[in-house]
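Chains, contacts and geometry: an overview
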Amino acid sequence: MHGSQFRSVARKQKHRLQILGFCNISPYFLLFLHGYFRGMNIEKYIPGLLCEHDCVIVPGFGGFVVNYREAMVDFQHQKLTPPARVAAFNQSLTMNDGLLVSYVSQQEQVSYSIAMEEVKSFVLSVRSELKSSGRASIEQLGYFTLQGESLEFHPLADQNFLRDAYGLTEFH
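A short tour of the structure in this document, coming up.

Cut-offs applied
- Throughout this description, residue numbers start from 1 for each chain and increase along the sequence as written.
- In keeping with the model being predicted, local features are shown solely for residues with a pLDDT of at least 70 and side-chain atom pairs are shown and tallied solely at 80 or more, while totals for entire chains, interfaces and linings include all residues.
- For the side-chain quantities, the full set of heavy atoms in the structure was used; hydrogens and water were omitted.
- Here a Phe, Tyr or Trp ring, Trp counted by its six-membered ring, pairs with any other such ring whose centre lies within 6.5 Å, and the pair is stacked when the planes are under 30 degrees apart, edge-to-face when over 60, and tilted otherwise.
- Put simply, DSSP marks the helices as runs of H or I at least four residues long and the strands as runs of E at least two long, and each gets a number from the N terminus on.
- A simple rule labels every residue: compare its accessible area, found with a 1.4 Å probe on the protein chains alone, to the largest value its type can have, and call it buried under 20%, exposed over 50%, or partly exposed in between.
- Any Lys NZ or Arg CZ found within 6 Å of a ring centre and within 35 degrees of that ring's normal is scored as a charge over the ring.
- Note that the arc is computed from the directions linking the helix axis to the C-beta atoms.
- Residues count as neighbours in contact if any of their non-hydrogen atoms are within 4.5 Å of one another.
- Two strands make a pair as long as DSSP finds a minimum of two bridges between them.
- Fitted lines through C-alpha atoms serve as axes, helices being fitted only where they are in contact, and the angles separating the N-to-C directions of these axes extend from 0 to 180 degrees.

1. Here we look at the packing of aromatic side chains
According to the stated counting rule, one finds nine aromatic pairs in the structure shown. With a centroid separation of 5.7 Å and 80 degrees between ring planes, the pair formed by tyrosine 45 and tyrosine 103 is classed as edge-to-face. Separated by 58 residues along the polypeptide, tyrosine 45 in helix α3 (residues 45-52) and tyrosine 103 in helix α4 (residues 99-108) bring together distant segments of the chain. When its relative accessible area of 9% is taken as the criterion, tyrosine 45 is described as buried. For the ring pair phenylalanine 61 and phenylalanine 144, a centre distance of 5.2 Å and an interplane angle of 85 degrees mean the geometry is edge-to-face. Of this pair, phenylalanine 61 sits in the loop between β1 (55-58) and β2 (62-69) while phenylalanine 144 sits in strand β7 (residues 142-147), placing them 83 residues apart in sequence. Residue classification places phenylalanine 61 among the buried residues on the basis of a relative accessible area of 3%. Taken together through their ring pairs, the aromatic side chains of Phe61, Phe64, Phe89, Phe144 and Phe153 make up a single cluster. Over the face of the ring belonging to tyrosine 143 we find arginine 135, whose NZ or CZ atom lies 3.6 Å from the ring centre.

Structure follows, in structure tokens:
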């Protein structure tokens, strides 16, 4: 965790504890609390949901959409590419449809409101990473870059969300 991320987490946790009546809390204790109570890795749920659904919306951020791509034969290079479902990103899909938050709630065995807070925290961390470094990675999906005011998504080249094509690779 970078220094700025640590300070951000510490401020957020200190504010929450002050609301509950706790004061003068050490930043290191706050970091411990953050790790203990907030260890959810939201990004790990998105790829699995994309295997089952055509769209997964990350509320307040955008939606990952999968599109079917047929198998391709390249006679010139003597190459066969299996069918696939490839990911794209739509920055306009920001309204919560409940899919991701409900799934996180179920998998982590927490309330819907806690899962929603975790998703919001995830979005804030991705936006912060984009702002500070111009790039943010989402495991098993790809990475984002900031192009002016819009996000540009770069999917992983070898990712395929079509379960029927599991294990199939391009061959010559």
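2. Some remarks on α4
All of the buried residues along α4 are Leu100, Val101, Val104 and Ser105. Relative to the axis of α4, the buried residues are bounded by an arc of 135 degrees and lie together on one face. Looking at the buried side of α4, the elements it contacts are α3, β1 and α5 (112-133). Two residues or fewer past α4, glutamine 109 is found with a positive phi of approximately 55 degrees.

3. Notes on the pairing of β1
As judged from the four bridges shared by β1 and β2, these two strands associate in the antiparallel manner. In the strand pairing of β2, valine 56 is matched with phenylalanine 64. Hairpin connection, β1 to β2: the antiparallel pair is bridged by three residues, and glycine 60 has positive phi, about 80 degrees.

4. Re the sheet that holds strand β5 (residues 84-90)
Taken in spatial order, the three strands make up an open sheet running β1-β2-β5, and their pairing is antiparallel. Since the sheet does not close on itself, it has two edges, and those belong to β1 and β5, each with one partner. Between one strand axis and the next, the sheet turns through 20 degrees on average, direction left out of account. Relative to β1, α3 is tilted by about 145 degrees, and along the sheet it contacts β1, β2 and β5.

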